[in-house]
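Here's the letter readout for the chains.
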Amino acid sequence: MVTYIVKRILLSVPLLLVISFLTFGLNHLSPLDPVEVVLHAQGVPKITEELIAETKASLGLDRPFVVRYFDWLAACLQLDFGNSYVTGKPVWSLLGPAFLNTLKLTLVSVIAIIVSSIVLGVLCAVREGKALDKSVRGISFFLTSMPSYWLAALMIWYFSVKLDLLPTSGMDSAQSYILPVAVLVISYAGIYFRIVRSSMLSNLNEDYVLYARACGLPEGKITARILRNSMQVAVSVFCMAVPIILGSTVVVENVFAWPGLGTLTVNSILSRDFPMIQAYVLVLAVAFVLFNTLSDLINAALNPKLRREP
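The shown structure was predicted, so the numbers you read here are calculated from the model rather than taken from an experiment.

A.B. asks: What is the right way to look at the pattern of salt bridges in this model?
C.D. replies: Should their charged atoms come close, side chains of opposite charge can pair. Applying the stated criterion across every chain yields a total of 3 salt bridges. The salt bridge involving Arg197 is made with Asp133; its shortest N-O contact spans 2.9 Å. Here the residue Arg197 occupies a position in helix α9 (residues 178-204), and Asp133 occupies one in helix α7 (residues 131-144), the gap between them amounting to 64 residues. Both residues of the pair, Arg197 and Asp133, belong to the buried class. One network of salt bridges, in which partners are shared, links Asp133, Arg137 and Arg197.

A.B. asks: So what exactly am I meant to see when it comes to the packing of aromatic side chains here?
C.D. replies: Between two aromatic rings, the relevant description is the distance of the centres plus the angle of the planes. In this structure the tally under the stated criterion is 10 aromatic pairs. Ring centres of Phe24 and Phe65 lie 5.3 Å apart, and the angle between their planes is 55 degrees; on these two criteria the pair is classed as tilted. Taken together, the residues Phe24 in helix α1 (residues 2-24) and Phe65 in helix α5 (residues 65-76) connect sequence positions 41 residues apart. In this structure Phe24 comes out as buried when scored by relative accessible area, which is 6%. Chaining the aromatic ring pairs together yields one cluster made of Phe21, Phe24, Phe65, Tyr69, Phe70 and Trp72.

A.B. asks: Looking at this model, I keep getting lost on the side chain of Thr249. Mind explaining?
C.D. replies: Residue placement: Thr249 occurs in the loop between α11 (219-246) and α12 (250-255). The exposure class assigned to Thr249 is buried, which follows from its relative accessible area of 0%. Filtering out sequence-adjacent residues up to four positions away, Thr249 remains in contact with Thr102, Leu105, Thr106 and Leu184.

Calculation criteria
- Residues numbered from 1 in each chain as written.
- Predicted model: local features only at pLDDT ≥ 70, side-chain atom pairs only at ≥ 80, totals over all residues.
- Heavy atoms only, no water.
- Salt bridge = Lys/Arg side-chain N within 4 Å of Asp/Glu carboxyl O.
- Helix = DSSP H or I, 4+ residues; strand = E, 2+ residues; numbered from the N terminus.
- Buried < 20%, exposed > 50% of the residue type's maximum accessible area, 1.4 Å probe, protein only.
- Phe/Tyr/Trp six-rings, centres within 6.5 Å; stacked < 30°, edge-to-face > 60°.
- Contact = heavy atoms within 4.5 Å.

Laid out in structure tokens, this is it:
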């Protein structure tokens, strides 16, 4: 197992390097000159060639691309993503608090999604083809097809404006989590519960289920065993739910004015704040790689066949 873990981690290193290189190259894909973006953000009334050259030298943009990349990569390893073009503040001083706020929303949402997906998946699997199964699948299909921004607006109108029960925006209290989490759960639980249901149904047709019932084992114990075996398939999906939702909170955060990565990133894109955009893309990509690696390690721990040498 230790050998498998080391190999899997080492395989992630080249991928992270490629991601960092592509992220750093975002500046060169934009038609805008980063120097002009900085000068416009500083409110410079007249931009001259001399001022552009001076600013480029002060930002180190006159150095070779490869040199700047390795300097930037070394700084990123120390959580130094440079300074914002708009505010002039260190990127991490703005990105760090926003990342924590988004992570809080993501973790609460993921827990709610996992619990609701397992409960609905088990109920629908043991009642396959019956009214409960058909109604839950139909409702989930309808809800997951609704745009999240429209669903969020409806929930704000009903629960916050009409009933005056919940806050419309911000994260001032525990109540502030209810509507954003509800929108994310409605948008994703319908997808993940079908994975649990499908895995449960495939295990229901296995020989060990027929043998257990022939031996007279209680149905509750059989269902628990089926659920345990089904989780070997679903665990990787649930692991990847964290980075997926982490990167999918942009719409929800902007609708509910949640002070997280989504709100910060949209503002950075509108203001062409390249260091902030680079940091966001890199953090999100690293999260995907790390949780994908974690998913493989958990699957290998649950299923020894996956870590055997070919």
